[in-house]
Amino acid sequence: MIPGVTLELILYVTALGLVTIGLAGVVLSSHLFRMVLALVIAEAGANLMLVLSGYRWDAVAPILMQRAEQPAMVDPVPQAMVLTAIVIGVGIQALAVSILIRIRQRYGNLKRREVAEKMDAEIAASAGIRRDISQDEPLGERPLSPLPAHTAESRGGDA
């Protein structure tokens, strides 16, 4: 084994790596299901980090015994929090997958950009307004009159 590398360090690096991989997956992915999977990976890393925060390497399980001396015990609060987080996480994952199934049924795919465009078009159609397709085209009238041709030429561009 490499000198200075302990099991504790390996577990902390693993937990941080899982969180990093999960966050990178959420940011870089354009597919909604992959984003949910990335959140699951980030959640696993966060849960591991939380368990490690309350663990003592020289301690025993937090069970009270009838001994003269009580040995050092592991903190049970982070363990209870992780159990709660796992239950909540499974519920959120089930909800997310059910929403993804509905999105897939309604819009035909799970690519974030295409689904967002179809949703925007559907919302605009149901509200009876014109959908803003271009981010470059301002809504409404131009607030200023166009520049005269000689001014635009002196600036080196079009008005």
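For the structure itself, look to the data block above.
What counts and what doesn't
- Residues numbered from 1 in each chain as written.
- Predicted model: local features only at pLDDT ≥ 70, side-chain atom pairs only at ≥ 80, totals over all residues.
- Heavy atoms only, no water.
- Core = buried A, V, L, I, M, F, W, Y, C linked by side-chain atoms within 4.5 Å.
- Buried < 20%, exposed > 50% of the residue type's maximum accessible area, 1.4 Å probe, protein only.
- Helix = DSSP H or I, 4+ residues; strand = E, 2+ residues; numbered from the N terminus.
- Contact = heavy atoms within 4.5 Å.
- Axes fitted to C-alpha atoms, helices over the stretch in contact; angles between N-to-C directions.
- Parallel < 35°, antiparallel > 145°, perpendicular 65-115°, else oblique.
- Nonpolar A, V, L, I, M, F, W, Y, C, P; charged D, E, K, R; others polar.
- Salt bridge = Lys/Arg side-chain N within 4 Å of Asp/Glu carboxyl O.
- Patch = residues over 30% accessible without salt bridge, like charges linked within 9 Å, V, L, I, M, F, W, Y side chains within 5 Å.
- Areas by Shrake-Rupley, 256 points an atom, 1.4 Å probe, with all protein chains shown as cover.
- Expected span 1.5 Å × (residues − 1).
- Left-handed = near helix turned anticlockwise from the far one by under 90°.

A. Quick peek at the nonpolar core. Within the largest apolar cluster, eight residues are counted, these being Leu-32, Met-35, Val-36, Leu-100, Ile-103, Tyr-107, Leu-110 and Val-115. Taken together, the elements giving at least two residues each to this core come down to helix H2 (32–54) and helix H3 (76–107). Among all residues touching Leu-100, those that are not within four sequence positions of it are Leu-32, Phe-33, Val-36 and Leu-110.

B. Spatial organisation of the packing of H2 against H3. For the pair H2 and H3, interaxial distance at closest approach is 10 Å and the crossing angle is 180°. In terms of orientation, H2 lies roughly antiparallel with respect to H3. Touching Leu-32, Phe-33, Val-36, Val-40, Glu-43, Asn-47, Leu-50, Val-51, Ser-53 and Gly-54 of H2 are Pro-78, Met-81, Val-82, Ala-85, Ile-86, Gly-89, Gln-93, Ala-96, Val-97, Leu-100 and Ile-103, all from H3. Partitioning the contact of H2 with H3 into residue classes produces 15 nonpolar, five polar and one charged.

C. Focus on the pattern of salt bridges. Under the definition given, this model contains one salt bridge. When the shortest N-O distance is used, the salt bridge between Glu-122 and Arg-106 registers 2.8 Å. Here Glu-122 is found in helix H4 (residues 112–127), whereas its partner Arg-106 is found in helix H3, with 16 residues between them in sequence. Look at Arg-106 and you get exposed, because its relative accessible area is 55%.

D. Structural view of a nonpolar patch on the surface. Together, Leu-7, Ile-10, Tyr-55 and Trp-57 make up an exposed nonpolar region whose accessible area comes to about 380 Å². When you line up the elements, Tyr-55 lands in the loop between H2 and H3. With a relative accessible area of 35%, Tyr-55 lands in the partly exposed category.

E. Up close: the side chain of Asn-47. Along the chain, the position of Asn-47 falls in helix H2. Residues contacting Asn-47, with those up to four places away along its chain left out, are Val-82, Ala-85 and Ile-86.

F. Spotlight on H2. With 23 residues, H2 should reach 33 Å at 1.5 Å per residue; the first-to-last C-alpha distance of 34 Å fits that figure. Taken as a whole, H2 has its buried residues at Leu-32, Met-35, Val-36, Ala-38, Ala-42, Gly-45, Asn-47, Leu-52 and Gly-54. Buried-residue contacts for H2 involve helix H1 (7–28), H3 and H4.

G. Layout of H4. With 16 residues, H4 should cover 22 Å at 1.5 Å per step; its first-to-last C-alpha distance of 22 Å lies within 8% of that length. One or two residues past the end of H4 sits Gly-128, with phi positive at roughly 75°.

H. Layout of the packing of H1 against H2. Between H1 and H2, the shortest axis-to-axis distance is 7 Å and the interhelical angle comes to 155°. Between H1 and H2, the crossing angle belongs to the class labelled roughly antiparallel. The interaxial crossing formed by H1 with H2 has left-handed handedness. Contact residues: Leu-11, Tyr-12, Thr-14, Ala-15, Leu-16, Leu-18, Val-19, Ile-21, Gly-22, Leu-23, Gly-25 and Val-26 in H1; Met-35, Ala-38, Leu-39, Ile-41, Ala-42, Ala-44, Gly-45, Ala-46, Leu-48, Met-49, Leu-52 and Ser-53 in H2. Of the residues contributing to the contact of H1 with H2, the split by class is 19 nonpolar, five polar and no charged.

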